[in-house]
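Given next are the chains, with one letter for each unit.
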Amino acid sequence: MDLDDRKLEVLRAIVEDYVATQEPVGSKVLVERHQLGVSPATVRNDMAVLEEEGYIRQPHTSAGRVPTDRGYRLFVDRLSRVKPLTPAERRAIERFLVGAVDLDDVVHRTVRLLAQLTRQVAVVQYPSLARSSVRHLELVPISTTRLMLVMIVDTGRVEQRLVELPGPIPPDDVIDLRQLVNEKLVGTRLADTPPLVQALVDEVTAELRPAMATLSTVLLETLVERHEERIALAGTANLTRGGLLDFQGSLRPILEALEEEVVLLKLIGEVEPSAMRVRIGDENEIDNLRATSVVSTGYGPGVTILGGLGVVGPTRMDYPSTIATVRAVARYVGDLLAQN
């Protein structure tokens, strides 16, 4: 083992010990716990170099050191060993998620499961309507001048809107409208529907145009509006599990950030397909979360990404285990959506 490799091994040992014990790590303890094959004096020298290069720091006057954000980043990128989930863990995930009865249940089970398995704050984005496709559109007569528009998308999400018609409409005409909108829109991604909806008015008889014009307006509002993005959160109490050095002594800024849905969407809603993203400390764009790390990924059936999920916790995080858990849960949710 050359000098560079040995320093990396020392850094790996410091990260793993600090994550496990929440205590600053000293050279003597490293030699006792890890088979580094060198003396405490040599480890001290390596630690001095690591500290000078910004990978570890001394939090107070003790002899121990703790990793910096830069040290955690090097650990995640080059030093962390993959921790595959055990068969028992995989069975537990599958059993927990397979019992879900609808989309809301899938999301709530997923966010609770993530919080329990990782002991962090879990965040799950509901499948985004903008990334979904139309599965079925139903028109339910409420009265001769009022309809209930029910849109079901391929994720199982259901949206409902009232349609106030400009005049009375017979039941047979409602059937004709229902058939036409389904023929034109079923299977189409919501983002691609506006021109199809706008063309519907020209494809009906003159008698139906006023009703179709009103229906098209409501359809457009339902299909393209963006305020529908929703987030589920669980495990906030897990933030209190940490030691004195976590979060720089104050949870208030982190809790305030987690109350903002737009912040949570920014954390987990901008994920590339098949990408696992780890943001550590100052890498977070949100000031109030710069004492945390965020591990996130996208989920959906196959290669289609419908939303994001992930966890927020201290930079002193078990990254290999957390990354494996987030990846596995995302895969199971995607498989579940594909089956349904």
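This text gives an overview of the structure that appears in the document.

Criteria and cut-off values
- Residues numbered from 1 in each chain as written.
- Predicted model: local features only at pLDDT ≥ 70, side-chain atom pairs only at ≥ 80, totals over all residues.
- Heavy atoms only, no water.
- Pairing = 2+ DSSP bridges.
- Helix = DSSP H or I, 4+ residues; strand = E, 2+ residues; numbered from the N terminus.
- Axes fitted to C-alpha atoms, helices over the stretch in contact; angles between N-to-C directions.
- Contact = heavy atoms within 4.5 Å.
- Expected span 1.5 Å × (residues − 1).
- Buried < 20%, exposed > 50% of the residue type's maximum accessible area, 1.4 Å probe, protein only.
- Polar contact = N/O pair within 3.5 Å; in protein donor to acceptor, adjacent residues only side chain to side chain.
- Phe/Tyr/Trp six-rings, centres within 6.5 Å; stacked < 30°, edge-to-face > 60°.
- Lys NZ or Arg CZ within 6 Å of the ring centre and 35° of its normal.
- Salt bridge = Lys/Arg side-chain N within 4 Å of Asp/Glu carboxyl O.
- Parallel < 35°, antiparallel > 145°, perpendicular 65-115°, else oblique.
- Left-handed = near helix turned anticlockwise from the far one by under 90°.
- Nonpolar A, V, L, I, M, F, W, Y, C, P; charged D, E, K, R; others polar.

**As for the sheet that holds strand β6 (residues 158–164)**
- Judged by pairing direction, the sheet is antiparallel, and its 3 strands sit side by side in the order β4-β5-β6 without closing on themselves. Each edge of the open sheet is held by one strand with a lone partner, namely β4 (134–143) and β6. Ignoring which end each strand starts from, the neighbouring axes of this sheet average 20° apart.
- In terms of strand pairing, strand β5 (residues 146–153) meets β6 through 7 bridges, oriented antiparallel. Among the inter-strand pairings, Leu149 is bridged to a residue of β6, identified as Arg161.
- Contacts between helix α7 (residues 171–185) and the sheet are confined to β4 and β5, with β4 contributing the most and set at about 165° to the helix.

**Concerning helix α6 (residues 103–118)**
- The end-to-end C-alpha distance of α6, which contains 16 residues, comes to 23 Å, matching closely the 22 Å that a straight helix rising 1.5 Å per residue would cover.
- Residues of α6 that are buried: Leu103, Asp105, Val106, Val107, Arg109, Thr110, Val111, Leu113, Leu114, Ala115 and Thr118.
- Looking at the buried positions of α6, the neighbouring elements they touch are α5 (87–98), β3 (121–125), β7 (231–234), β10 (307–314) and α12 (319–339).
- Sitting at the amino-terminal end of α6 is Asp102, which places a side-chain oxygen 3.3 Å from the backbone nitrogen of Asp104.
- Arg119 sits one or two residues past α6 and shows a positive phi near 60°.

**Some remarks on the packing of aromatic side chains**
- What the rule picks out here adds up to 1 aromatic pair.
- Judged by centre distance (5.7 Å) and plane angle (55°), the rings of Tyr72 and Tyr319 are tilted. You can see Tyr72 sitting in helix α4 (residues 69–79) and its partner Tyr319 sitting in helix α12, a full 247 residues away along the chain.
- Residue Tyr319 is classed as buried on the basis of its relative accessible area of 0%.
- The residue whose ring lies beneath Arg70 is Tyr55, and the NZ or CZ to ring-centre distance is 4.5 Å.
- One Lys or Arg, Arg230, reaches over the ring of Tyr126 and ends 4.0 Å from the middle of that ring.

**Focus on the pattern of salt bridges**
- Scanning the model with the defined rule gives 18 salt bridges in all.
- Between Arg33 and Asp17 there is a salt bridge, with the nearest N and O atoms lying 3.2 Å from each other. Taken together, the residues span a long stretch of sequence, with Arg33 in helix α2 (residues 27–33) and Asp17 in helix α1 (residues 3–21) at a distance of 16 residues.
- With its nearest N and O atoms 2.8 Å apart, the salt bridge here joins Arg146 to Glu164. Of this pair, Arg146 sits in strand β5 while Glu164 sits in strand β6, placing them 18 residues apart in sequence.
- When its relative accessible area of 31% is taken as the criterion, Arg146 is described as partly exposed.
- Classification of Glu164 by relative accessible area gives partly exposed; the value is 43%.

**Observations regarding the environment of Leu139**
- By the element assignment, Leu139 lies in strand β4.
- In the structure, Leu139 is positioned 23 residues away from Leu162 in sequence and 9.7 Å away in space, judged by C-alpha atoms.
- Every residue in contact with Leu139, bar those within four places of it in the chain, is listed here: Leu147, Met148, Leu149, Val174, Leu177, Arg178 and Leu215.

**Some remarks on the packing of α4 against α12**
- Where α4 contacts α12, the two axes come as close as 10 Å, and the packing angle between them is 55°. Here α4 is positioned oblique relative to α12, judged by the angle of their axes. Considering how the two elements wind past one another, α4 and α12 form a crossing that is right-handed. Contacts between α4 and α12 involve Tyr72, Phe75 and Val76 from the first element and Tyr319, Pro320 and Ile323 from the second.
- Across the contact of α4 with α12, the residue classes tally to 6 nonpolar, no polar and no charged.

**Points about the sheet that holds strand β9 (residues 292–299)**
- If you trace the 5 strands from one edge of the open sheet to the other, you get β7-β3-β10-β9-β8, paired in antiparallel fashion. The open sheet has two edge strands, β7 and β8 (276–280), and neither has a second partner. With strand direction ignored, the average angle separating the axes of adjacent strands in the sheet is 15°.
- Pairing of β9 with β10 involves 8 bridges; the strand directions are antiparallel. Paired with Gly298 across the bridge in β10 is Gly308.

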